[in-house]
Amino acid sequence: MPDTRHTKYLLSEDEMPKTWYNVVPDLPRPPEPVLHPGTKQPVGPGDLAPLFPMALILQEVSGDQYIEIPEAVRDIYKQWRPSPLFRARRLEKALDTPARIYYKYEGVSPAGSHKPNTAVPQAYYNKQEGVTKIITETGAGQWGSSLAMAGAMFGIEIEVFMVKVSYNQKPYRRSMMQAYGASVHASPSDLTQAGRAILAQDPDSTGSLGIAISEAVEMVATSGGKAKYSLGSVLNHVLLHQTIIGQEALLQMAQADDYPDVVVGCTGGGSNFAGISFPFIGEARKKGLNTRFVAAEPMSCPSLTKGVYAYDFGDTLGMTPLVKMHTLGHDFIPPGIHAGGLRYHGMSPLISLLHDAGVIEAKAYHQTSIFEANLLFGKTEGILPAPEAGHAVKGALDEALQAKEEGKERVILFNLCGHGHFDMAAYDAYLSGKLEDYEYPAEAVAAAQARMPVV
Ligand SMILES: *Cc1c(COP(=O)(O)O)cnc(C)c1O
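Residues numbered from 1 in each chain as written. Predicted model: local features only at pLDDT ≥ 70, side-chain atom pairs only at ≥ 80, totals over all residues. Heavy atoms only, no water.

### A word on the pattern of salt bridges
1) Next: Applying the stated criterion across every chain yields a total of 21 salt bridges.
2) Next: For the salt bridge of arginine 5 with aspartate 3, the shortest nitrogen-to-oxygen distance reads 3.7 Å.
3) Next: Accessibility expressed as a relative area gives 65% for arginine 5, which makes it exposed.
4) Next: We note a salt bridge from aspartate 26 to arginine 285, for which the minimum N-O separation is 3.8 Å. Here the residue aspartate 26 occupies a position in the loop between β2 (19–21) and α1 (45–48), and arginine 285 occupies one in helix α13 (residues 271–287), the gap between them amounting to 259 residues.
5) Next: A relative accessible area of 48% means that arginine 285 is categorised as partly exposed.
6) Next: One salt-bridge network, in which partners are shared between bridges, spans Arg292, Glu361, Lys363, Glu399, Glu406 and Arg410. (Salt bridge = Lys/Arg side-chain N within 4 Å of Asp/Glu carboxyl O. Buried < 20%, exposed > 50% of the residue type's maximum accessible area, 1.4 Å probe, protein only. Helix = DSSP H or I, 4+ residues; strand = E, 2+ residues; numbered from the N terminus.)

Shown next as structure tokens:
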């Protein structure tokens, strides 16, 4: 019987998982190799060494089921972990649904999202290998502020290329990065060839994560070995670090004497969705459960629901290795929606494989429906979610309403991956009726997909 008394489920510091969970042994088939952009041959660890410390490269290709979380990382995690799991009782009541809705809340981290779960270990492994400077990109600024915080903790200099539309929409995320000591550039910038090439084509470019990645990777490649690169999503090692979320949630659902029928998360590059869902995918495989997994993405940048599953570049200019993933085409520039963290043309290769194999489902939503869901959530549960996280809220609402229609119980678990306290300009636009929906940009996507590399 599910617990009928409690609203939140907490774990002690001692109960915090001591290992990350690697989904690779539980995949229905092995991951596809990463290819060199020139030779189109599989890359080895050595090819990635200019970009990442070796410890992270080894995690990227690891087939071990569990990987130990270093003690120094656990010590920092303990500041906000284990994070709470809530039963959304007032939301359930407002919806008048027979469904039981649970959410894991990652907005309790200092940066306000799940991103520090990987920023801290990434900074730690870089520090271990003597790296003094890390260059990265950020969309809405959640990742940039998380890495800036981790850099401050480990004494590493952080430089961030921030997507221009978000730089203008979210100036206080920039201030936050600067407060932690990072330097921040609006991307596209005139600091790199990649940025200058984009500006020459379109001086008013809003930027995109793909462009900002090109700028950051170019800066690292031309730094003469002085800086490393870091990515806040997409890559296997990033998703690995986020699995602490789902492992905690497994313990917390057991406390609640309940188990999810469906696990929901939003997907930009796939890291928070992987974080909540991968440990449950492992459980489903081990125990033969029929748990459903739903990834929620924006209609204007729908890589899982409309992308092709093919080899493509991770960045816009074509400088990164080729990975097999769901992609809208590497040079597709998504419309300037407020969920800046979801404006990415591609998707994590692990998530893409799981979607292609039918293990996970995907849904796409318009941004006004996201804000509508977030306001209902805020009015009932009190937390104003980030626009990105609102896609998961909306996904959970849909599941709960469907359960109501069918008159059946359904246990829903979703990841509330961040609060929206730096996104009030977006809420303001919605409340004043100025927020627009962008139709799915079918022609721009088709054109970008036609320019994808032939592998
Ligand atoms: C970065 C971010 C996202 C998108 O990235 P994922 O890797 O898909 O999780 C979503 N929500 C928030 C709050 C973020 O900071």
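### What to know about the nonpolar core
1) Next: Within the largest apolar cluster, 32 residues are counted, with the highest numbers of intra-cluster contacts made by Tyr102, Phe278, Ile351 and Leu413.
2) Next: The set of elements that each furnish at least two residues to this core consists of α12 (244–255), α13, β11 (292–298), α15 (349–356) and β15 (411–416).
3) Next: If one sorts the elements of this core by residue count, α13 sits on top with 6 residues.
4) Next: Core analysis: the second largest hydrophobic core is formed by 31 residues, Trp20, Ile67, Ala119 and Ala150 among them. (Core = buried A, V, L, I, M, F, W, Y, C linked by side-chain atoms within 4.5 Å.)

### Details of the sheet that holds β11
1) Next: One open sheet accounts for 7 strands, arranged β1-β4-β5-β15-β10-β11-β14; its pairing is mixed. One side of each edge strand has no neighbouring strand; the edge strands of this open sheet are β1 (8–9) and β14 (361–365).
2) Next: In this sheet, β15 lies alongside strand β10 (residues 262–266) in parallel orientation, the contact comprising 3 bridges. Each residue of the ladder has a partner; that of valine 262, found in β15, is isoleucine 412.
3) Next: Along the sheet, α12 makes contact with β1, β4 (85–87), β5 (100–105) and β15, crossing β5 at roughly 140°.
4) Next: Most of the contacts of α13 go to β10, to which it runs at about 160°, and overall it touches β5, β10, β11 and β15. (Pairing = 2+ DSSP bridges. Contact = heavy atoms within 4.5 Å. Axes fitted to C-alpha atoms, helices over the stretch in contact; angles between N-to-C directions.)

### Points about α12
1) Next: In a regular helix each residue adds 1.5 Å, so 12 residues correspond to 16 Å; α12 covers 17 Å between its end C-alpha atoms and thus fits that length.
2) Next: Within α12, burial applies to Ile244, Ile245, Gly246, Gln247, Glu248, Ala249, Gln252 and Met253. (Expected span 1.5 Å × (residues − 1).)

### Quick word on the packing of α12 against α13
1) Next: Taken N-terminus to C-terminus, the directions of α12 and α13 make an angle of 60°; their axes are 6 Å apart at the nearest point. As α12 runs across α13, the sense of the crossing is right-handed. Here Ile245, Gly246, Gln247, Ala249, Leu250 and Met253 of α12 lie close against α13, whose contacting residues are Gly275, Ile276, Pro279, Phe280 and Glu283.
2) Next: Of the residues belonging to the contact of α12 with α13, the class tally is 7 nonpolar, 3 polar and 1 charged. (Left-handed = near helix turned anticlockwise from the far one by under 90°. Nonpolar A, V, L, I, M, F, W, Y, C, P; charged D, E, K, R; others polar.)

### Description of the sheet that holds strand β8 (residues 183–187)
1) Next: Read across the sheet, 4 strands follow the order β8-β7-β6-β9 without closing on themselves; strand pairing throughout is parallel. Both outer strands of the open sheet, β8 and β9 (228–229), are each paired with one neighbouring strand and no more.
2) Next: Where strand β6 (residues 133–138) lies against β9, 2 bridges are found, and the strand directions are parallel. By the bridge assignment, isoleucine 135 is partnered in β9 with tyrosine 229.
3) Next: Here helix α6 (residues 142–154) sits on the sheet in contact with β6 and β7 (157–163), set at roughly 160° to β6.

### Digging into the site of the ligand
1) Next: Neighbouring the ligand are 16 residues, the closest being Lys115, Ser233, Gly268, Ser271 and Asn272.
2) Next: In the model, an oxygen atom of the ligand is placed 2.8 Å from a nitrogen or oxygen of the glycine 270 main chain.
3) Next: Serine 271 is positioned with one of its side-chain polar atoms (N or O) 2.7 Å from an oxygen atom of the ligand. (Near = heavy atom within 4 Å. Polar contact = N/O pair within 3.5 Å; in protein donor to acceptor, adjacent residues only side chain to side chain.)

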